[in-house]
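Report on the structure
These are the residues of each chain, in order.
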Amino acid sequence: MDRTTHSTRPDAHQTLMASVLEAAEIRQAQLRALWAMTVAQRLAAYHRGELSLQQLRSWEQHTPHEVPAASITGRGELPWILRYTEDFLGEDF
């Protein structure tokens, strides 16, 4: 491999760093979008399945009284976590 070919290709570190920075920008944009919504808009987006896991966690941490909760134990579990449990999925999951 000659030097010109090598120097014009981004190396793995540069590619990884670009991906990390892009992912961080996307996460920040998602959080800005979440907090730009009204409570009713957040609830509607939640029911449509449009919120990312990060948005759901942030919402629950900052305004837990707004977040819908389900219960199979009487404690009020978070539905996006509950849906992966054996009790919720049943024996045939």
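Our structure is the block above this text.
Presented here is an overview of the structure given in this document. Quick caveat, the model's predicted, so the values are computed rather than measured. (Residues numbered from 1 in each chain as written. Predicted model: local features only at pLDDT ≥ 70, side-chain atom pairs only at ≥ 80, totals over all residues. Heavy atoms only, no water.)

Now for the nonpolar core. Formed by Leu34, Ala45, Tyr46, Leu51, Leu56, Trp59 and Val67, the largest nonpolar core amounts to seven residues. Looking at this core, the elements with two or more residues in it are α3 (39-47) and α4 (53-62). Look past the residues within four positions of Leu51 in its chain and what remains in contact with it is Leu34, Met37, Arg42, Ala45, Tyr46, Leu56 and Trp59. (Core = buried A, V, L, I, M, F, W, Y, C linked by side-chain atoms within 4.5 Å. Buried < 20%, exposed > 50% of the residue type's maximum accessible area, 1.4 Å probe, protein only. Helix = DSSP H or I, 4+ residues; strand = E, 2+ residues; numbered from the N terminus. Contact = heavy atoms within 4.5 Å.)

Okay, the side chain of Gln54 next. With respect to the secondary-structure elements, Gln54 resides in helix α4. Those residues within four positions of Gln54 in sequence are excluded, and the remaining contacts are Arg27, Gln30 and Leu31.

Here we take up the side chain of Arg42. Looking at the element boundaries, Arg42 is found in helix α3. The buried category is assigned to Arg42, whose relative accessible area is 6%. Side-chain polar atoms of Arg42 contact the backbone oxygen of Leu34, separated by 3.4 Å. Here the side chain of Arg42 touches Glu66 through a polar contact of 3.0 Å, side chain to side chain. Excluding its chain neighbours within four sequence positions, the residues that come into contact with Arg42 are Leu34, Trp35, Met37, Leu51, Trp59 and Glu66. (Polar contact = N/O pair within 3.5 Å; in protein donor to acceptor, adjacent residues only side chain to side chain.)

Evaluated as defined, the whole model comprises one aromatic pair. Relative to Trp59, the ring of Tyr46 lies with its centre 6.1 Å away and its plane at 65°, an arrangement referred to as edge-to-face. Here Tyr46, found in helix α3, pairs with Trp59, found in helix α4; they are 13 residues apart in sequence, far enough to count as distant. By relative accessible area, Trp59 is classed as buried at 0%. (Phe/Tyr/Trp six-rings, centres within 6.5 Å; stacked < 30°, edge-to-face > 60°.)

What follows covers α3. Arg42, Ala45 and Tyr46 are the residues of α3 that are buried. Across the axial projection of α3, the buried residues extend over an arc of 105°, all falling on one side. Opposite its buried face, α3 presents the exposed residues Ala40 and His47, each directed more than 90 degrees away. Gly49 sits one or two residues past α3 and shows a positive phi near 75°. (Arc of directions from axis to C-beta.)

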